Amino acid sequence: MNTFVKGAVLLIIVAFVGECLEFLINMVLARELGEEGLGLYMSILPTVLFVVVIASLELPISISKFVAEKEAIYHRSMLSHALRFASVCTVVFVVLAFVILPMIPVFDHYHPATPMLFIILIPIIAFSSVARGYFMGAQDMRKVAVANFLRRAGQLVLLVLVFSLFSFEVGTAIFVSLCALIATEMIVLTYLLISFYLQMNTLKKQPQAKLSGSSVRRSLLQVSLPTTGLRIFHAASFAVKPFLIKEALVRAGMIDTMAMVQYGKLAGVAFTIGFFPAFIAHSLLIVLIPAVSEAYSKGDIERLQKLLRRVMLTTFLYGIPAVYVFYFYAEPLTSLFFEDSPAAGYLQLLVPYFLFHYFVMPMQAYLIGLGLVKDAFWHAVWSTTLSFILMFVLGSRPEFGMGGIIIGMNLGAVLLTLMHYMTITKKIHLSILLRKQA
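Residues numbered from 1 in each chain as written. Predicted model: local features only at pLDDT ≥ 70, side-chain atom pairs only at ≥ 80, totals over all residues. Heavy atoms only, no water.

J.: Hey, could you go over the packing of helix α3 (residues 75–100) against helix α4 (residues 114–137) for me, with residue numbers and the actual values?
T.: Closest axis-to-axis distance for the α3/α4 pair is 10 Å, and the angle between their directions is 170°. By the criterion of interaxial angle, the relationship of α3 to α4 is roughly antiparallel. In the crossing of α3 with α4, the sense of the turn from one axis to the other is right-handed. Counting all contacts with α3, which are made through His75, Leu79, Ala82, Leu83, Ala86, Ser87, Thr90, Phe93, Val94, Ala97 and Phe98, the residues of α4 involved are Met116, Ile119, Ile122, Pro123, Ala126, Phe127, Val130 and Tyr134. When grouped by side-chain class, the residues that make up the contact of α3 with α4 number 16 nonpolar, three polar and no charged. (Axes fitted to C-alpha atoms, helices over the stretch in contact; angles between N-to-C directions. Helix = DSSP H or I, 4+ residues; strand = E, 2+ residues; numbered from the N terminus. Parallel < 35°, antiparallel > 145°, perpendicular 65-115°, else oblique. Left-handed = near helix turned anticlockwise from the far one by under 90°. Contact = heavy atoms within 4.5 Å. Nonpolar A, V, L, I, M, F, W, Y, C, P; charged D, E, K, R; others polar.)

J.: Tell me about the confidence of the model for the protein chain, and please be specific about residues and values.
T.: For the protein chain, per-residue confidence averages 88 on the pLDDT scale, and 98% of positions sit at 70 or higher. In the model of the protein chain, helix α8 (residues 256–274) stands out as the element of lowest mean pLDDT, 80, in contrast to helix α15 (residues 402–427), which has the highest, 95. (pLDDT = per-residue confidence, 0-100.)

J.: Account for the environment of glutamine 364, naming residues and giving values.
T.: Looking at the secondary structure, you find glutamine 364 in helix α13 (residues 351–369). Each C-alpha atom, one on glutamine 364 and one on threonine 417, is 9.4 Å from the other, the two residues being 53 residues apart in sequence. Residues within four places of glutamine 364 in sequence aside, it is in contact with Leu230, His234 and His420.

J.: Account for helix α9 (residues 278–297), naming residues and giving values.
T.: Taking 1.5 Å of rise per residue, the 20 residues of α9 would be expected to cover 28 Å, and the 28 Å separating its terminal C-alpha atoms lies within 8% of that figure. Of all the bends in α9, the greatest reaches close to 35° and is centred on leucine 288; the proline proline 290 follows between one and four positions later. Counting buried positions along α9 yields 17 of 20 residues, so the element is predominantly enclosed. Once α9 ends, the next one or two residues include glycine 299, with phi positive near 70°. (Expected span 1.5 Å × (residues − 1). Bend = angle between axes of the 7 residues up to and from the residue. Buried < 20%, exposed > 50% of the residue type's maximum accessible area, 1.4 Å probe, protein only.)

J.: Give me the lowdown on the side chain of arginine 151, citing residues and values where you can.
T.: For arginine 151, the position within the fold is in helix α5 (residues 141–165). On the basis of relative accessibility, which here comes to 19%, the residue arginine 151 falls in the buried class. A polar side-chain atom of arginine 151 sits 2.8 Å from a polar atom in the side chain of glutamate 185. (Polar contact = N/O pair within 3.5 Å; in protein donor to acceptor, adjacent residues only side chain to side chain.)

J.: Report on the pattern of salt bridges, specifying residues and quantitative values.
T.: Scanning all chains against the criterion turns up nine salt bridges. Among the ionic pairs, glutamate 32 bridges to arginine 31, the shortest N-O distance being 3.2 Å. Of the residues examined, glutamate 32 reaches a relative accessible area of 29% and is grouped as partly exposed. Among the residues examined, arginine 31 registers a relative accessible area of 59% and is labelled exposed. The residue aspartate 140 makes a salt bridge to lysine 143 at a minimum N-O spacing of 2.9 Å. The burial state of aspartate 140 is the same as that of lysine 143; both residues are buried. Connected through shared salt-bridge partners, Asp140, Arg142 and Lys143 make up one network. (Salt bridge = Lys/Arg side-chain N within 4 Å of Asp/Glu carboxyl O.)

J.: How would you sum up unusual backbone geometry? Please name residues and give values.
T.: The phi angle at glutamine 139 is positive, at roughly 55°, despite the residue not being glycine. Mapped onto the secondary structure, glutamine 139 falls in the loop between α4 and α5. Look at glutamine 139 and you get partly exposed, because its relative accessible area is 22%.

J.: Please set out the packing of aromatic side chains residue by residue, giving values where relevant.
T.: Evaluated as defined, the whole model comprises 20 aromatic pairs. Centre to centre, the rings of phenylalanine 163 and phenylalanine 168 are 6.1 Å apart; their planes meet at 80°, and the pair counts as edge-to-face. Seen from their ring centres, phenylalanine 275 and tyrosine 353 are 5.9 Å apart, and the 65° between their planes marks the pair as edge-to-face. In this pair, phenylalanine 275 is assigned in the loop between α8 and α9 and tyrosine 353 in helix α13, connecting sequence segments 78 residues apart. Accessibility expressed as a relative area gives 13% for tyrosine 353, which makes it buried. Among the aromatic residues, ring-to-ring pairing joins Phe271, Phe275, Phe326, Tyr353 and Phe354 into one connected group. (Phe/Tyr/Trp six-rings, centres within 6.5 Å; stacked < 30°, edge-to-face > 60°.)

J.: Summarise the nonpolar core; cite the residues concerned and give the values.
T.: Core analysis: the largest hydrophobic core is formed by 145 residues, its most contacted members being Ile63, Leu79, Leu266, Leu288, Leu350, Tyr358 and Tyr366. Broken down by element, the residue count for this core peaks at 20 residues, all from helix α1 (residues 2–56). Contact partners of leucine 266, with chain neighbours within four places excluded, come to Ile245, Phe271, Tyr346, Leu350, Met402 and Ile406. (Core = buried A, V, L, I, M, F, W, Y, C linked by side-chain atoms within 4.5 Å.)

Right, here's the structure in full:
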């Protein structure tokens, strides 16, 4: 428990700094790209996330779970097989990307070289995933924290440097912003690979036991495949969301360009502010996966119960004050991006969405650690399906518009949280009020 707390505190502190930097990054993007450019940039980000999910195959999750559950003598053998597996997957995905990406209509509105950036991203993510997964499983959260900090700090420095030296038209400025994102991932990869190489040399000097490649791949894929399916579904739904919202607003009577601007303010302003405290939830997710996996493999139900109570209390203590600030100080917060912006109203209406999202992230880590990834997947399917139906139906009505879309998002978040919570408490023998059951 002490290791869990130390790792969580370290990640939370670094993640807070990272979120502050992310806030500044989006302010720079809002200033340099303008309203329509920001909307286009935010619309392509879900596609970036989708490529990241495919390229990583959720190896950080499966490797961290393997490392947490197995003795150290097996780690070096497993990592060697994991690297070979990542290499093969990278070659396959790059070949498929060369064929598929140019055919995707999403890229028609962007610089012609944009698909190449996504292809470059694939090997970067694949190999950094192996190193990240090991450090997560070994609960060496310092290296994970440094990597997370480098991602945000590097992107901010590159954006400020480039935009202060050069001036671009909107299309080129979006492409340059994406280049900065990819370059930052390369910086993170360099740091992780150096740290990983040093760690592999250390493991080489310790007692070792050999594992077969097939057994390692089977163990990794047992976690990676369902977790990747879950992440692909989330990424795909996230990628579809901008176009669903845009289509609903157009049907409600809004012109095409204005619909894109409104989505830019929703995603680039309201989401940036509302998801700011989620750095705590994300930090809890990272440390919970190995902690829950280890406790569950040992049958330590009492520790699992104690962890859940602590996580729920922590989320409540920071989540309630956060959404209070969002609701009552929405206007001054959103004015940091654009003056007199409807994003202030969006931020207030999205308070339930953000609050329940803070609870969902650590509970998803619990489901992964307990081997309930399929449950997490079906929860996501049902909640997202209902949410999208409501978003489209209500958002298409002129009297609702963006308000109807937000209602659908809120209800989806509430449903997902409740399904996760009920499944976890049943699995570890707790009542709804987190009391022990026989």
